[in-house]
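Structural features, examined
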Amino acid sequence: MGVGRWLWGAGLFAGACALGVGVTNRPDLAEADRDVFDAINSGHGPETDRVFVTVTEFGSLYAAAAAAGSLLATGRGRTAVRASSATLATWLLLQAMKKVVDRPRPLDTDPDATRQLVARPNGMSWPSSHPAVLTTFTRVAARDLEVGAASRGALSILDATVATSRVYLGVHYPSDVLSGLLIGRAVARLWPRRRRASREPL
């Protein structure tokens, strides 16, 4: 593993952890986090509600499994296994971090001021697993398949949209989803890369 990749990955992970420590230990940061949450969670009509309820599922393990199945069906089995393995590692890591940090979800902290549009997920609030799961899967798969800059940009927009959906739907604070994005990218960057000899067809 190159030193640059290790430094980038470690830096992304450290940034996510620093953000989590900050919002759980500094009331001013927690208040700012809640203010941004309130602005996003306030709602923009039933059509927008439906869009975010739908798009948030792209960050689930079920969606990752479906994407892996599509890769398998098109002869990209190694990529499917590598992306799925990295995604599962990310999910397990975040479940452990949730138990350590033990940050309440918005509805638990202020039920009267929180508009929650989906069932309360299991586990605690920080960090958010949906954007982390999606980001890990898409980054590892995109790197293996050597997709172009435009496709990577589209994937980044999808990652950000799913992250925003978790706040809009009332189940995470902005710092939760930002930390999830950073951790997802950190795992993807540190995940062992495919050997050139095993390149699969696009």
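Going by the structure above, here's the rest.
**Quick notes on unusual backbone geometry**
Put simply, Trp126 and Pro127 share a cis peptide bond, and its omega is -10°. For Pro127, the location among the structural elements is in the loop between helix 6 (106-109) and helix 7 (129-145). Backbone geometry at Asp102 places phi at a positive 60°, although glycine is not the residue there. Mapped onto the elements of the fold, Asp102 is located in the loop between helix 5 (77-101) and helix 6. Residue Asp102 is classed as partly exposed on the basis of its relative accessible area, which comes to 46%. In the Ramachandran plot, Glu146 falls in the positive-phi region, its phi being about 55° despite a non-glycine side chain.

**Focus: helix 7**
Owing to its 3.6 residues per turn, the α-helix aligns residues three or four sequence positions apart on the same side. Taking 1.5 Å per residue, 17 residues should reach 24 Å; helix 7 reaches 24 Å between its end C-alpha atoms and fits that length. Most of helix 7 is tucked away: 17 of the 17 residues are buried. Where helix 7 terminates, the next one or two residues include Glu146, which has phi positive at roughly 55°.

**Regarding the packing of aromatic side chains**
Using the criterion set out here, one finds 2 aromatic pairs in the structure. Over the aromatic face of Tyr168 sits the side chain of Arg115, whose NZ or CZ is 5.1 Å from the ring centroid.

**Observations concerning the pattern of salt bridges**
As enumerated under the stated definition, the model contains 8 salt bridges in all. A salt bridge links Arg34 to Asp38, with the nearest nitrogen and oxygen atoms 3.1 Å apart. Linking Arg34 with Asp38, this pair stays in helix 2 (residues 27-41), spanning 4 residues, or about one helical turn. Judged by its relative accessible area of 12%, Arg34 falls in the buried class. Since its relative accessible area comes to 30%, Asp38 is described here as partly exposed. Between Asp108 and Arg120 there is a salt bridge, with the nearest N and O atoms lying 2.8 Å from each other. Of this pair, Asp108 sits in helix 6 while Arg120 sits in the loop between helix 6 and helix 7, and the two are 12 residues apart along the sequence. Residue classification places Asp108 among the partly exposed residues on the basis of a relative accessible area of 40%. What emerges from the salt-bridge pattern is a single network uniting Asp33, Arg103 and Asp176.

**A short note on the layout of surface pockets**
There is about 470 Å³ of room inside the largest pocket. In this structure, the largest pocket is lined by 21 residues; those nearest its centre are Trp91, Pro121, Asn122, Ser129 and His130. Looking at the lining of the largest pocket, the elements that each hand over two or more residues are helix 4 (61-73), helix 5 and helix 7. Counted by class, the lining of the largest pocket contains 7 nonpolar, 10 polar and 4 charged residues.

The rules behind these values
- Residues numbered from 1 in each chain as written.
- Predicted model: local features only at pLDDT ≥ 70, side-chain atom pairs only at ≥ 80, totals over all residues.
- Heavy atoms only, no water.
- Helix = DSSP H or I, 4+ residues; strand = E, 2+ residues; numbered from the N terminus.
- Buried < 20%, exposed > 50% of the residue type's maximum accessible area, 1.4 Å probe, protein only.
- Expected span 1.5 Å × (residues − 1).
- Phe/Tyr/Trp six-rings, centres within 6.5 Å; stacked < 30°, edge-to-face > 60°.
- Lys NZ or Arg CZ within 6 Å of the ring centre and 35° of its normal.
- Salt bridge = Lys/Arg side-chain N within 4 Å of Asp/Glu carboxyl O.
- 1 Å grid on protein atoms, 1.4 Å probe; cavity = no way out; pocket = protein on both sides within 12 Å on 5 of 7 lines; lining within 4 Å.
- Points joined across faces, edges and corners; volume = space filled by probe spheres on them.
- Nonpolar A, V, L, I, M, F, W, Y, C, P; charged D, E, K, R; others polar.

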